[in-house]
Amino acid sequence: MSFTAADVKTLREMTSVGMMDCKKALTECDGDMDKAVEYLREKGLAKAAKKAGRIAAEGMSYALVENGVGALVEVNCETDFCADVDALMNCKYPGTELTVSETMPEKVMSIGENLQIRRFVRFAENTSVGYVHAGGKIGVLVNLAVEGVDASEIGKNVAMQIAALNPRFWDKSQVTEDVLAEEKKIALALMDSDPKMASKPAQVKEKIVMGKMNKFYEENCLLQMEFVRSDLFQGTVEHYIAD
């Protein structure tokens, strides 16, 4: 499988590893992006890859909470320039009888580029709090089940944490067995390549791996993450919400 300079750039953005190491990883893995990430991690050059989708698209996210209903939408286009066009932020079409699908062709014609609604979520129950960062580059919608309290500030702080750290999972209970197996495999590969660790008994390595899994949860699962606003609360996000 061949790869391009754009693939090298994408791998670098996903892993924060140097260009030459990314190129070597793609070469060793025949251009397979997922295997290249695994290769870099086993070499100790990269942590878990960022959730960089391989979608070469620009666009905007928009979150709105109105009358207790929360919605988040992502609209993609083809170039950087289009991402700054105000029309992307005006896709609510109030006061018309047209559906979104009926209105999109008109927007495509006026902007001169293809537009696609890529993702959409809507919550009609509980308390929703939306947060939009960097003019729509990142959009987050948090939905909390609360009783008798105003959770707006809590929701906003949690949404800001998600925007800043981009957790892969809400809670460690959502981590699938195949992800855990992959993390354990990489941790063992790192120990086997370390002269100080390679000779240790298998049961010792297994205990070390389990300790590393706790670290994985802290870095990838929202509720197990350290709450970033230490000026407000010191502890995990889970404890912040409970407090």
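Along each chain, residue indices are assigned from 1 in the same order as the chain's sequence is written. In view of the model being predicted, local features appear only for residues whose pLDDT reaches at least 70, and side-chain atom pairs are presented and counted only at 80 or more, with totals across whole chains, interfaces and linings using the full set of residues. In computing side-chain values, all of the structure's heavy atoms are included and hydrogens and water are not.

(A) Layout of the overall build of the protein chain. Scanning the protein chain for helices and strands turns up eight helices and five strands. Secondary structure counts use DSSP, requiring at least four H or I residues in a row for a helix and at least two E residues in a row for a strand, with both numbered from the N terminus. The N-to-C order of helical and strand elements in the protein chain reads α-α-α-β-β-α-β-β-β-α-α-α-α. In what follows, residue pairs with any heavy atoms lying within 4.5 Å of each other are defined as contacts. Long-range contacts, defined here as pairs at least 24 residues apart, represent 53% of the contacts in the protein chain between residues at least 6 apart.

(B) Region of interest: the environment of Val237. Along the chain, Val237 falls in helix 8 (residues 237-242). Separated by 80 residues in sequence, Val237 and Asn157 have C-alpha atoms that sit 9.6 Å apart. When residues no more than four places from it in sequence are discounted, the contact partners of Val237 are Val158, Gln161, Leu222, Leu223, Met225 and Phe227.

(C) Summary view of the environment of Val121. Among the secondary structure elements, Val121 is positioned in strand 3 (residues 116-123). Since its relative accessible area comes to 30%, Val121 is described here as partly exposed. Excluding anything up to four places from it in sequence, Val121 contacts Gly70, Ala71, Leu72 and Leu141. The rule is simple: take the accessible area with a 1.4 Å probe, protein chains only, and divide by the maximum for that residue type; under 20% is buried, over 50% is exposed, in between is partly exposed.

(D) Representation of unusual backbone geometry within the structure. Although it is not a glycine, Asn126 sits at a positive phi angle of roughly 65°. Structurally, Asn126 is set in the loop between strand 3 and strand 4 (127-133). Unlike most non-glycine residues, Ala134 shows phi in positive territory, near 55°. Among the structural elements, Ala134 can be located in the loop between strand 4 and strand 5 (138-144). Residue Ala134 is classed as exposed on the basis of its relative accessible area of 51%.

(E) A look at the side chain of Ser128. Within the secondary structure, Ser128 is located in strand 4. On the basis of relative accessible area, Ser128 is assigned to the buried category, the value being 9%. What qualifies as a polar contact is a pair of N or O atoms within 3.5 Å, subject to a donor-acceptor requirement within protein and to the restriction that residues adjacent in sequence count only when both atoms come from side chains. Within the structure, Ser128 has its side chain in polar contact with the side chain of Asn143 (distance 2.9 Å). Residues within four places of Ser128 in sequence aside, it is in contact with Val65, Gly70, Phe123, Leu141, Val142 and Asn143.

(F) Local environment of the nonpolar core. Grouped together as the largest cluster of nonpolar side chains are 15 residues, with contacts concentrated most on Val140, Val142, Val158, Ala159, Phe227, Val237 and Tyr240. Going through the elements one at a time, strand 5, helix 5 (152-165) and helix 8 are the ones with two or more residues in this core. Beyond its immediate sequence surroundings of up to four residues, Val140 is in contact with Ala63, Leu72, Val129, Gly130, Tyr131, Ala159, Ile162 and Ala163. Take the buried residues of types Ala, Val, Leu, Ile, Met, Phe, Trp, Tyr and Cys, join any two whose side-chain atoms come within 4.5 Å, and each joined set is a nonpolar core. Formed by 14 residues, the second largest nonpolar core is a distinct cluster that contains Leu11, Met14, Cys22 and Ala25.

(G) Summary view of the sheet that holds strand 2 (residues 69-77). Should DSSP find at least two bridges between two strands, the strands are taken to pair. Read across the sheet, three strands follow the order 1-2-3 without closing on themselves; strand pairing throughout is antiparallel. The sheet is open, and its two borders are formed by strand 1 (58-66) and strand 3, each paired with just one other strand. Averaged over all pairs of adjacent strands, the angle between strand axes in this sheet comes to 10°, irrespective of strand direction. For strand 2 and strand 3, the ladder comprises seven bridges, and the chain directions are antiparallel. When the sheet's bridge partners are listed, Gly70 is paired in strand 3 with Phe123. Every axis corresponds to a line fitted to the C-alpha atoms, with the helix fit spanning only the stretch in contact, and the corresponding angles, defined between N-to-C directions, vary from 0 to 180 degrees.

(H) How the structure looks around the side chain of Asp171. Considering the arrangement of structural elements, one finds Asp171 in the loop between helix 5 and helix 6 (177-192). Counting rule for charge: Lys and Arg are taken as positive, Asp and Glu as negative, and neither His nor the chain ends is counted. Salt bridge, as applied in this entry: a Lys or Arg side-chain nitrogen positioned within 4 Å of an Asp or Glu carboxyl oxygen. Here Asp171 sits buried without a salt bridge, and the closest side chain of opposite charge, Lys172, lies 6.8 Å off (N-O distance). Of note is the side chain of Asp171, whose polar atom sits 3.0 Å from the side chain of Gln224. Leaving out residues up to four positions away in the same chain, Asp171 has contacts with Cys221, Leu223 and Gln224.

(I) Layout of the pattern of salt bridges. Tallied over the full model, the rule gives six salt bridges. The residue Glu13 makes a salt bridge to Lys9 at a minimum N-O spacing of 2.6 Å. Of this pair, Glu13 and Lys9 are both found in helix 1 (residues 5-15), four residues apart, which corresponds to roughly one turn of the helix. In this structure Glu13 comes out as partly exposed when scored by relative accessible area, which is 44%. Close ionic contact of Glu38 with Lys185 constitutes a salt bridge, the shortest N to O distance being 2.7 Å. In this pair, Glu38 sits in helix 3 (residues 33-42) while Lys185 sits in helix 6, placing the two residues 147 residues apart along the sequence. Using a relative accessible area of 43% as the deciding quantity, one classes Lys185 as partly exposed.

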